[in-house]
Amino acid sequence: MSSIHTITALAGAHKRSKRKGRGDSSGKGKTAGRGTKGSKARVGTYIRRGYEGGQTEVYRRFPKRGFSNFLFANRFHVVNLADLEAHFDAGTTIDATALHEKGLIPDLKLPVKILAFGELKKKLTVQAGWYSKTAHDAVTKAGGSAQNDEGKPFEFPKPKKKFEKREPAKK
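Our subject in this report is the structure included herewith. Bear in mind the structure is a predicted one, so any value in this text is a computation, not a measurement. (Residues numbered from 1 in each chain as written. Predicted model: local features only at pLDDT ≥ 70, side-chain atom pairs only at ≥ 80, totals over all residues. Heavy atoms only, no water.)

## Points about the overall build of the protein
Which entries qualify depends on this criterion: Working definition: helices are DSSP H or I runs of at least four residues, strands are E runs of at least two. Numbering for both runs from the N terminus. Two things to know: the radius of gyration comes from C-alpha atoms, and the globule rule equals 2.2 Å times the number of residues to the power 0.38. Remark: exposure states derive from per-residue accessible area (1.4 Å probe, protein chains only) relative to the maximum for the residue type, with buried under 20%, exposed over 50%, and partly exposed in between.
Of the regular secondary structure elements, the protein holds five helices and six strands. When its helices and strands are written in sequence order, the protein yields α-α-β-α-β-α-β-β-β-α-β. Its C-alpha atoms give the protein a radius of gyration of 31 Å, more than 25% over the compact-globule value 16 Å for 171 residues. Projecting the C-alpha coordinates of the protein onto the three principal axes gives extents of approximately 85 × 85 × 25 Å. A buried classification covers 18% of the 171 residues belonging to the protein.

## Some words on the nonpolar core
The following threshold applies: Definition of nonpolar core: a set of buried residues of the types Ala, Val, Leu, Ile, Met, Phe, Trp, Tyr and Cys, connected through side-chain atoms within 4.5 Å. Should any heavy atoms of two residues lie within 4.5 Å, those residues are counted as being in contact.
In this structure, Val 79, Leu 84, Phe 88, Leu 99, Ile 114 and Val 126 are the most contacted members of the largest nonpolar core, which totals 20 residues. Those residues in contact with Leu 84, other than ones at most four positions away along the chain, are Val 79, Ile 94, Leu 99, Ile 114, Leu 120, Leu 124 and Val 126.

## Looking at a nonpolar patch on the surface
Put simply, the rule is: Patches here: salt-bridge-free residues with over 30% relative accessible area, like charges joined within 9 Å, nonpolar side chains (Val, Leu, Ile, Met, Phe, Trp, Tyr) joined within 5 Å. Note on areas: Shrake-Rupley, 1.4 Å probe, and residue coverage restricted to the protein chains presented here. What counts as a salt bridge is simple: a side-chain nitrogen of Lys or Arg found within 4 Å of a carboxyl oxygen of Asp or Glu.
On the surface, a cluster of nonpolar side chains totalling about 580 Å² of accessible area is made up of Phe 67, Phe 70, Leu 71 and Phe 72. Residue class for Phe 72 comes out exposed when judged on its relative accessible area of 58%.

## Details of the sheet that holds strand β4 (residues 125-127)
Think of a sheet as strands paired side by side through backbone hydrogen bonds, with each pair either parallel or antiparallel. Going by this rule: In this analysis, strands are considered paired if DSSP registers two or more bridges between them.
Pairing within the open sheet is parallel, and its three strands lie in the order β2-β4-β6. The open sheet has two edge strands, β2 (93-94) and β6 (145-147), and neither has a second partner. Here β2 runs beside β4; their pairing, made up of two bridges, is parallel. Its bridge partner lying in β4, Ile 94 is registered against Val 126.

And the structure:
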């Protein structure tokens, strides 16, 4: 005895494709659903996105404005302290390959950034490209060591000096 959901699932798998342009009596003859004339009715045409039939496209009618930092952004694979606590034993050295093997990062193309979501109670040696300040403190507070990708102790860069205006000279 078969259920309705098994019958309908199989019924959809054998739908015949519409044969266009096979005579007027077929219902899709003559223009084959393309309408009449114009570039869309012709064979082998490709109309690119944004094309407005010869009229200047909307993205060309307006001037370029602004600047985007998208290309210059630092991108990371993000791993939380809770993930390190759950997947690794105390005393383990954790680097990008270990994280990839455990399935915490998808690939080794980007550097790893450790964030402080969750608690870390195990003593771990963590090698990563970057740390949030609270994650760095949590790793060192638990007795572990936070290292950069080369295995050297991780240090945050010194803050940049802010520009201070000079006072005008008094006459």
